[in-house]
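Notes for the structure review
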Amino acid sequence: MTTDELKDRIRGLAFEVIKDRKKAEISSVEYDELTKFPELKEIIVTLLTADFDPFLASIDWVAPRPTTFRINLKNDQEFYLVWMKRSWIAQIEGKKYYLLNLPEEERAVEAISRILRYGPAGGGEEEEEAGFEAGGEEAGGGEEIDVDIEDTTDIEV
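Basis of the calculations
Residues numbered from 1 in each chain as written. Predicted model: local features only at pLDDT ≥ 70, side-chain atom pairs only at ≥ 80, totals over all residues. Heavy atoms only, no water. Helix = DSSP H or I, 4+ residues; strand = E, 2+ residues; numbered from the N terminus. Buried < 20%, exposed > 50% of the residue type's maximum accessible area, 1.4 Å probe, protein only. Contact = heavy atoms within 4.5 Å. Patch = residues over 30% accessible without salt bridge, like charges linked within 9 Å, V, L, I, M, F, W, Y side chains within 5 Å. Areas by Shrake-Rupley, 256 points an atom, 1.4 Å probe, with all protein chains shown as cover. Salt bridge = Lys/Arg side-chain N within 4 Å of Asp/Glu carboxyl O. Pairing = 2+ DSSP bridges. Axes fitted to C-alpha atoms, helices over the stretch in contact; angles between N-to-C directions.

**Looking at the environment of Glu-105**
Inspection of the secondary structure assignment puts Glu-105 in helix 4 (residues 102-116). Owing to a relative accessible area of 19%, Glu-105 belongs among the buried residues under this scheme. Sequence separation of Glu-105 and Ile-89 is 16 residues, and the distance between their C-alpha atoms is 9.3 Å. For Glu-105, the contacting residues outside a window of four places in its chain are Thr-46, Leu-47 and Leu-99.

**Re a nonpolar patch on the surface**
There is a patch of nonpolar side chains on the surface, built from Met-1, Leu-6 and Ile-10 and spanning about 340 Å² of accessible area. Residue position: Ile-10 is located in helix 1 (residues 3-28).

**Remarks on the pairing of strand 5 (residues 95-98)**
As paired elements, strand 4 (residues 88-92) and strand 5 share 4 bridges and run antiparallel to each other. By the bridge assignment, Ile-92 is partnered in strand 5 with Lys-95. Joining the antiparallel neighbours strand 4 and strand 5 is a turn of 2 residues, in which Glu-93 adopts a positive phi near 50°.

**Comments concerning the sheet that holds strand 1 (residues 56-63)**
The strand order across the open sheet formed by 5 strands is 1-2-3-4-5, and the pairing between neighbours is antiparallel. The open sheet is flanked by strand 1 and strand 5, the only strands paired with a single partner. Neighbour to neighbour, the strand axes of the sheet diverge by 20° on average, direction disregarded. With 6 bridges connecting them, strand 1 and strand 2 (residues 68-73) associate as antiparallel partners. What sits directly across from Asp-60, in strand 2, is Arg-70. Against the sheet, helix 3 (residues 38-48) contacts strand 1, strand 2, strand 3 (78-83) and strand 4, and its axis sits at roughly 135° relative to strand 3. Its contacts with the sheet put helix 4 on strand 2, strand 3, strand 4 and strand 5, and the angle it makes with strand 5 is roughly 140°.

Rendered as structure tokens:
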């Protein structure tokens, strides 16, 4: 790799990093807590990436000491972030993850991913109705398919 190629690659990466920061800054304007507490914004971006806005419903400041925030997700799930003097603690589904340690941070990200997969509250009813149209026919075209099944009891193995 020549020096010109390396410079071009660094320029491209720099633009991507700046774009992600701008996206996070634009998204954080609607959450008062993220503007008041820049450390909170940093940890949210670490846990949920710069595209956190489609997943967050709101952020509540729950307790002043230790500073505790409830992160409400759009699927009616929640987790807590607690600021200790040196680091954050994420409490997700009753489990505590000390985010100073990289392996625990990775497990916290996986736990958040798991609760995001739960889907919206009452999602079971929507899934049952999704397969049918207004006429009562299945959404797959409404055609009946005949399937012939052979009698396999006479086959010797």
